[in-house]
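# Summary of structural features
Chain by chain, the residues:
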Amino acid sequence: MLAALAHLGPLLAQTASFKAPHLDYYALLPEIVLTGVIVLILLLDLVTDEPNKIIVTNLAGVGVLATLVPIVLLATYHHHPRSMLGGAYVVDNFALLLKGLFLATGYVVLLMGANYIEEGDYYEGEFSFLLLSSLLGMVVMASARDLITIFVALELLSIPAYMLAGWRKRDLKSNEASLKYYLLGVLSSAIMLYGMSLIFGATGTTVLAGISETLSASAKVTPLATIGIFFIIVGFAFKVSAVPFHSWAPDTYEGAPTPVTAFLSVGSKTAGFVALFQLIYVGFIHQNRVWGPLFWVLAALTMTVGNLVALRQTNIVRMLAYSSIAQAGYILVPFAVVGSNGKAIAEAQTASMVYLMIYAAMNLGAFAIVIAVARRTRSGEISSYAGLFSYAPGLTVLMTVFLFALAGIPPLGGWFAKFLIFQSALSAGTPAAIVLAVIAGVNSVIALFYYSAIAKEMWMNPVPEGESIAPIRVPASLGAALGITAVVVVAIGVVPQVFARLGDLARIH
Amino acid sequence: MNFDHWALSAAIFLPLVGAVLVALWPKSDETSQKSIALITTVATAAVGGYLLLHFNYDHTDKLQFAVNRSWIDVINSRYHVAIDGISVPLLMLSMLITVLCVIYSWDHFPEPHNPKAFLVLMLILETGMNGTFCAQDLILFFVFFELVLLPMYFMIGVWGGANRQYAAIKFFLFTLFGSALMILSFLALYFKAGNTFDMVELAKQSSTLAHGTQLLIFGGLFMGFAIKVPMFPFHTWLPDAHTEAPTVGSVILAAVLLKLGTYGFIRIAIPILPEAAKSWAPWIGGLAVIGIIYGAFGCLAQTDLKRLIAFSSVAHMGFVMLGISTLTSFGINAAVFGMVAHGLITGMLFFLAGSIHERFHTRELSRLGGLLVQAPRMGWILGFCAMASLGLPGLAGFWGEFPAILSAFRPAPGLNEGLFRAYMVIASVGTVLAAGYLLWMFQRTAFGVPKDEFADAHIHDLHTPEYVAWVPMLLLIIALGVAPAIIFRVSDGAVQMVANAVKAVGA
């Protein structure tokens, strides 16, 4: 007993010399608030009974908005970058903007999901809990500048999402969606982790800034680092559902509850791009000869295959799934053309960043309409949209706005996003970049075809026989989601400056 | 701050305000919706009147009523609107036609009725059209240019004829393909010629571009504008769109939307890239005369009244493009005149085709006949418009067509005179053909006795809204025919600027 205590002495002495890393609690406030809300929800869910579960959902919504407060404070009053844990966790404009985007996305998804989950008789409290947990992963991801932090954030945001995809628990398709998403998600994590281990082996550090320094120190890119970069990008190509790593997306999107699909197609995808931003523009910035061509191929394939397959879809969610694959292709274009010139990198970042913001608004809006219409028709078939204009003119006009925004028709938001993509490609000016710009141009014409096919159903076709034509009742929360997204989409289209400026400010260095 | 500063913005955005009001108005109260639309378009036209009164006619080459404010700093695009002698006639045309279209639709909205949505689309269209004619910044131009697509797509697709869905998407896809290439060209101009989207600045700075680059950029612009005009061989969307569109849609399409393309050539492509314009001119001229002849033969082969008028548009826009391709002030003046004249005359013809269709429920030429017997006023107006369209001296059509042909006799220095004179001869043959198909059309619809199936039908002659909508156009057709200086005086100064830009690049 005494001998044991004698051993304890030196051990205690050692702990005394351990210096806790400096934590900037102010900078961590958003994460702390969000974690607090998550814990509260979990507790509250235990003590509320079935008919009152809506309180939990409301608390989740308020909690997400409350998390925005410290972000706004940090962004407006104390906007110098704050770095901690040896550069592994950074709170700068880039991180703050994306945290804001993720939280806004999460809030809109909560609005979309509130009635859906309640009326579908699914677990409500746990839904909010998992959604917010996933959101926390995204918020962490925006600040992660270290391989391990990125990985932890990614798992934190993915694992709740695997479960959410299977939330329609009595539906086989939903089970399949969850399983597919889980298996491919884990596979991609494994690939990515393997790549990370190689990079760690090649550089001896996990902090991205350090990796960049070590890699650029030698003139040549070592094969080890090349393979590492390749594997990491492939891993994230799964996450952003880039072709040919997209096969999970349509099935998962179709099977998952529609609010979750919206969350996956916007939040989860954005998180994947955020990780790519940090890895490429911080960690591997000088190795553009390795990832440039890889992104070129991914972008060209993703745009083209996404759009061509979308043409043949008869289910609106599957169509939107392929459309969001194609949209990811456009977002990849700046990565492919950026090269190593500083100005081009700045422009490419702005382009991708602005695209992500605009994409979030228009895609969430489109899914909100799908939810609203499905409340009545109980169908996701495109043909069930026939004649919608005659009995739900408001929804039809909004859906038209979202669809043509996705297609990039001015003056709706999407045109500016596409414009910046073209601009970054022509600014690079290399033959490969111009070819990619032309591919993107042709693709945006193809895309119009399937977006307008839905507009055609809604506006020009008669209501199917036997369908009721009573107006569709839109619950308040869903209406709010529609309102927010529609205003953003139109505002971006008319005064793009505001968002472009945000994208400009939030460059990563 | 005086109204001059706000006038153009008011002219552009008033219709949009009206559109929002109509959209928010209760659906059942149709009269109020129509009144709001009418008041908005008339108010917009009144702003147009103000512009006309305060326009400085001694310096039509100067951009007037200019507003130049920051819009999208990140891409150096500005809210720069202004008008000069080229914009004024077209802006006025656009304002006038929209008012008349609202009046014409007053109590015969096409199926499936729904005046609310129809008027909203019409007002959005006006914003797009007015904006395009005022924009002096390429990106602003692009946004307005595209803004007309959606309303027209829905107008054709929802209120159109039997084959409307096909026609609507064809119209949309063709135009979008052109504008995708156009926006790439705009970006190329931006990066190659001086990091600005301002048309005036670009015109000053673009001479530094390599000839090959200029040619390519012009090619992209050409695709964007030529599809809109439409020039042969990109015209195939036009007959479908025109035939299927509701009457008002056809009128706006013919009278204003097609002009966005030709206007683009004069406003953007030629002043900014005069050197490339010279290399492209023989090709443009060639396609223009092919269009003239092809359109004429197309007309002769038609059995549908509206489709015939649509093909005649292809031919008439061929004359406009021929005038532009000479790159001389004479030719471009003729083109500006031709745009307005074609807008009025073909617009009228489409109105007539619509009214005929409404009364006889057919547009088959073989089933029509004896209009002069059953509805003499309408018959005579049709005859009048056919005469105007074939270029009868004394009516507006003449001053668009004849100088355009004549200008090809002496194209800008550096262009192949022999070639353009050959174009001139071919185009003259086109006028003969035009007389042929128009008189033939008139003969078959108006002369003779009504066919048996309509012999006992009660055919109402002009309704009041038709009178109100048509009389201003008919008067203008005569006025412009008698006193062409009304337009030439306005356009000439600005056109000289364009022609001088071409001259400046040397022979």
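Residues numbered from 1 in each chain as written. Chains lettered and ligands numbered in written order. Predicted model: local features only at pLDDT ≥ 70, side-chain atom pairs only at ≥ 80, totals over all residues. Heavy atoms only, no water.

## Brief notes about the overall build of chain B
A count of helical and extended segments in chain B gives 21 helices and two strands. Relative to the 2.2 N^0.38 estimate, which gives 23 Å for 507 residues, the radius of gyration of chain B is 22 Å and therefore close to what a compact globule would have. When its C-alpha atoms are laid out on the principal axes, chain B stretches across 70 × 55 × 40 Å. Buried residues in chain B amount to 65% of all 507 residues. For chain B, restricting intrachain contacts to residue pairs at least 6 apart in sequence, the fraction spanning at least 24 positions comes to 80%. With an accessible surface of roughly 16,300 Å², chain B has 67% of that area assigned to carbon and sulfur atoms. Averaging the locations of the 26 positively and 28 negatively charged side chains of chain B gives two centres separated by 4 Å. (Helix = DSSP H or I, 4+ residues; strand = E, 2+ residues; numbered from the N terminus. Rg over C-alpha atoms; globule rule 2.2 N^0.38 Å. Buried < 20%, exposed > 50% of the residue type's maximum accessible area, 1.4 Å probe, protein only. Contact = heavy atoms within 4.5 Å. Areas by Shrake-Rupley, 256 points an atom, 1.4 Å probe, with all protein chains shown as cover. Lys, Arg positive; Asp, Glu negative; His and termini not counted. Charge placed at Lys NZ, Arg CZ, Asp CG, Glu CD.)

## A few points about the overall build of chain A
Assigned secondary structure in chain A consists of 20 helices and two strands. Taken over C-alpha atoms, the radius of gyration comes to 23 Å for chain A, in line with the 23 Å a tight globule of 509 residues would show. Residue pairs at least 24 apart in sequence account for 81% of intrachain contacts in chain A once pairs closer than 6 positions are excluded. Just so you have it, chain A exposes about 18,500 Å², and 70% of that area is on carbon and sulfur atoms. In chain A, 25 side chains carry a positive charge and 24 a negative one; their mean positions are 8 Å apart.

## A short note on the state of the cysteines
Residue and element names in this part refer to chain B. Applying the stated rule across the entire model yields zero disulfides over all chains. The thiol of C101 is not disulfide-bonded; the next cysteine sulfur, from C385, is found 14 Å away. Judged by its relative accessible area of 0%, C385 is buried. (Disulfide = S-S within 2.5 Å.)

## Side note on unusual backbone geometry
Among all residues except glycine, the phi angle is most often negative; among peptide bonds, the trans geometry is most common. The linkage connecting P410 of chain A with the following residue, P411 of chain A, adopts the cis geometry, with an omega of 0 degrees. The omega torsion across F232 of chain B and P233 of chain B is 0 degrees, close enough to zero to call that bond cis. When you line up the elements, P233 of chain B lands in the loop between α9 (211-228) and α10 (237-244). Phi at F65 of chain B is positive, roughly 55 degrees, even though this residue is not glycine. Mapped onto the fold, F65 of chain B is located in strand β1 (residues 64-72). Judged by its relative accessible area of 9%, F65 of chain B is buried.

## Observations regarding the pattern of salt bridges
Pairs may arise between side chains of opposite charge once their charged atoms sit close together. By the definition in use, this model includes 18 salt bridges over all chains. The salt bridge involving R363 of chain B is made with D304 of chain B; its shortest N-O contact spans 3.2 Å. A residue pair is termed long-range when its members are at least 10 positions apart, and R363 of chain B in the loop between α14 (329-360) and α15 (371-374) and D304 of chain B in the loop between α12 (274-300) and α13 (305-325) qualify at 59 residues. Judged by relative accessible area, R363 of chain B falls into the buried class, the value being 15%. The partner of E417 of chain B in a salt bridge is R421 of chain B, and the shortest N-O contact between them spans 3.1 Å. Note that E417 of chain B and R421 of chain B are positioned in helix α18 (residues 417-446) at a spacing of four residues, about one turn of the helix. By relative accessible area, E417 of chain B is classed as partly exposed at 36%. What emerges from the salt-bridge pattern is a single network uniting K173, E176, K180, D251, E254 and R318 of chain A. (Salt bridge = Lys/Arg side-chain N within 4 Å of Asp/Glu carboxyl O.)

## Comments concerning α18 of chain B
Because each turn of an α-helix spans 3.6 residues, side chains separated by three or four positions in sequence point in the same direction. All names here are of chain B. When the terminal C-alpha atoms of α18 are compared, their 43 Å separation across 30 residues agrees well with the 44 Å that a helix rising 1.5 Å per residue should span. Where α18 begins, the capping side chain belongs to N416, and its oxygen is found 3.0 Å from the backbone nitrogen of G418. Trailing α18 by a residue or two, G448 shows a phi angle of about 75 degrees, which is positive. (Expected span 1.5 Å × (residues − 1). Polar contact = N/O pair within 3.5 Å; in protein donor to acceptor, adjacent residues only side chain to side chain.)

## Points about the interface of chain B and chain A
Across the boundary between the two partners, chain B contributes 32 residues, which contact 35 residues of chain A. Here chain B and chain A share an interface that buries about 3,000 Å² over both sides, 82% of which is from carbon and sulfur atoms. Where chain B touches chain A, the interface holds zero salt bridges. Applying the counting rule to chain B against chain A returns six residue pairs in polar contact (both at pLDDT 80 or more). (Buried area = accessible area lost by both parts, 1.4 Å probe.)

## Considering the packing of aromatic side chains
Using the criterion set out here, one finds 60 aromatic pairs over all chains in the structure. Centre to centre, the rings of W248 of chain A and Y253 of chain A are 6.0 Å apart; their planes meet at 85 degrees, and the pair counts as edge-to-face. Owing to a relative accessible area of 4%, W248 of chain A belongs among the buried residues under this scheme. Exposure remark for Y253 of chain A: the relative accessible area of 1% places this residue in the buried category. Between F141 of chain B and F186 of chain B, the ring centres sit 6.4 Å apart and the planes meet at 70 degrees, which makes this aromatic pair edge-to-face. On the criterion of sequence distance, the pair formed by F141 of chain B in helix α5 (residues 138-147) and F186 of chain B in helix α7 (residues 164-193) is long-range, its members being 45 residues apart. Members of the aromatic cluster, joined through ring pairs, are F141, F145, F186, F218, F222, F225, F234, F265 and W280 of chain B. The positively charged end of K418 of chain A is found above the aromatic ring belonging to Y330 of chain A, 4.6 Å away from the centroid. (Phe/Tyr/Trp six-rings, centres within 6.5 Å; stacked < 30°, edge-to-face > 60°. Lys NZ or Arg CZ within 6 Å of the ring centre and 35° of its normal.)

## A look at the pairing of strand β2 (residues 77-83) of chain B
Residue and element names in this part refer to chain B. Extensive coverage of β2 is indicated by the burial of six of its seven residues. Pairing geometry for β1 and β2, over six bridges, is antiparallel. Within β2, the residue paired with I72 across the bridge is S77. In sequence, β1 turns back onto β2 through a hairpin of four residues, with N76 there showing a positive phi of about 55 degrees. (Pairing = 2+ DSSP bridges.)

## Focus on the environment of L327 of chain B
All names here are of chain B. Among the structural elements, L327 can be located in the loop between α13 and α14. Residue L327 is classed as buried on the basis of its relative accessible area, which comes to 3%. Those residues in contact with L327, other than ones at most four positions away along the chain, are I270, A277, K278, A281, I332, A412, L415, A499 and V502.

## Comments concerning the packing of helix α17 (residues 414-428) of chain A against helix α18 (residues 431-460) of chain A
Two packed helices can be described by the angle between their axes and the distance between those axes. Residue and element names in this part refer to chain A. With their axes 8 Å apart at the nearest point, α17 and α18 run at an angle of 160 degrees to one another. As far as their axial angle goes, α18 and α17 are roughly antiparallel. With respect to the hand of their crossing, α17 and α18 are arranged in left-handed fashion. For the pair formed by α17 and α18, the contact residues are K418, F422, A425, L426 and A428 on the first element and A433, I434, A437, A440, G441 and S444 on the second. (Axes fitted to C-alpha atoms, helices over the stretch in contact; angles between N-to-C directions. Parallel < 35°, antiparallel > 145°, perpendicular 65-115°, else oblique. Left-handed = near helix turned anticlockwise from the far one by under 90°.)

## What about helix α7 (residues 172-203) of chain A?
Residue and element names in this part refer to chain A. Counted at 1.5 Å a residue, the expected span for α7 with its 32 residues is 46 Å, and the 46 Å between its end C-alpha atoms agrees. Of the residues flanking the start of α7, the one acting as N-cap is D171, its side-chain oxygen 2.7 Å from the backbone nitrogen of K173. After α7 finishes, the residue G204 shows a positive phi value of roughly 75 degrees.

## Quick look at a nonpolar patch on the surface
On the surface, a nonpolar cluster with roughly 430 Å² of combined accessible area is contributed by V39, L43, L46 and V47 of chain A. With respect to the helices and strands, the residue L43 of chain A is situated in helix α2 (residues 29-47). (Patch = residues over 30% accessible without salt bridge, like charges linked within 9 Å, V, L, I, M, F, W, Y side chains within 5 Å.)

## Comments concerning the packing of helix α4 (residues 93-119) of chain A against helix α14 (residues 342-377) of chain A
All names here are of chain A. One can describe the packing of α4 onto α14 by two numbers: an axis separation of 11 Å at closest approach and a directional angle of 5 degrees. Viewed along their axes, α4 and α14 adopt a mutual orientation that is roughly parallel. Within the contact between the two elements, α4 uses F94, L97, L98, L101, T105, V108, V109, M112, N115, Y116 and E119 and α14 uses M353, L356, M357, A360, L364, F367, A368, I371 and R375.

## Regarding the environment of E244 of chain B
The topology assignment puts E244 of chain B in helix α10. Each C-alpha atom of the pair E244 of chain B and S206 of chain B lies 42 Å from the other, and the pair is 38 residues apart in sequence.

## Thoughts on the environment of G323 of chain B
Residue and element names in this part refer to chain B. By secondary structure assignment, the location of G323 is in helix α13. In this structure G323 comes out as buried when scored by relative accessible area, which is 0%. Sequence separation between G323 and P411 is 88 residues; the distance between their C-alpha atoms is 9.2 Å. Residues in contact with G323, not counting those within four places in the same chain, are G331, I332, A404 and S407.

## Focus on the side chain of T105 of chain A
Residues and elements named next belong to chain A. Mapped onto the elements, T105 comes out in helix α4. Within the local environment of T105, its side chain forms a polar contact with the backbone oxygen of L101, the two atoms lying 2.7 Å apart. The contact partners of T105, leaving out residues within four places of it in the chain, are V266, G267, A360 and L364.

Purely geometric stuff here, so don't read any function into it on its own.
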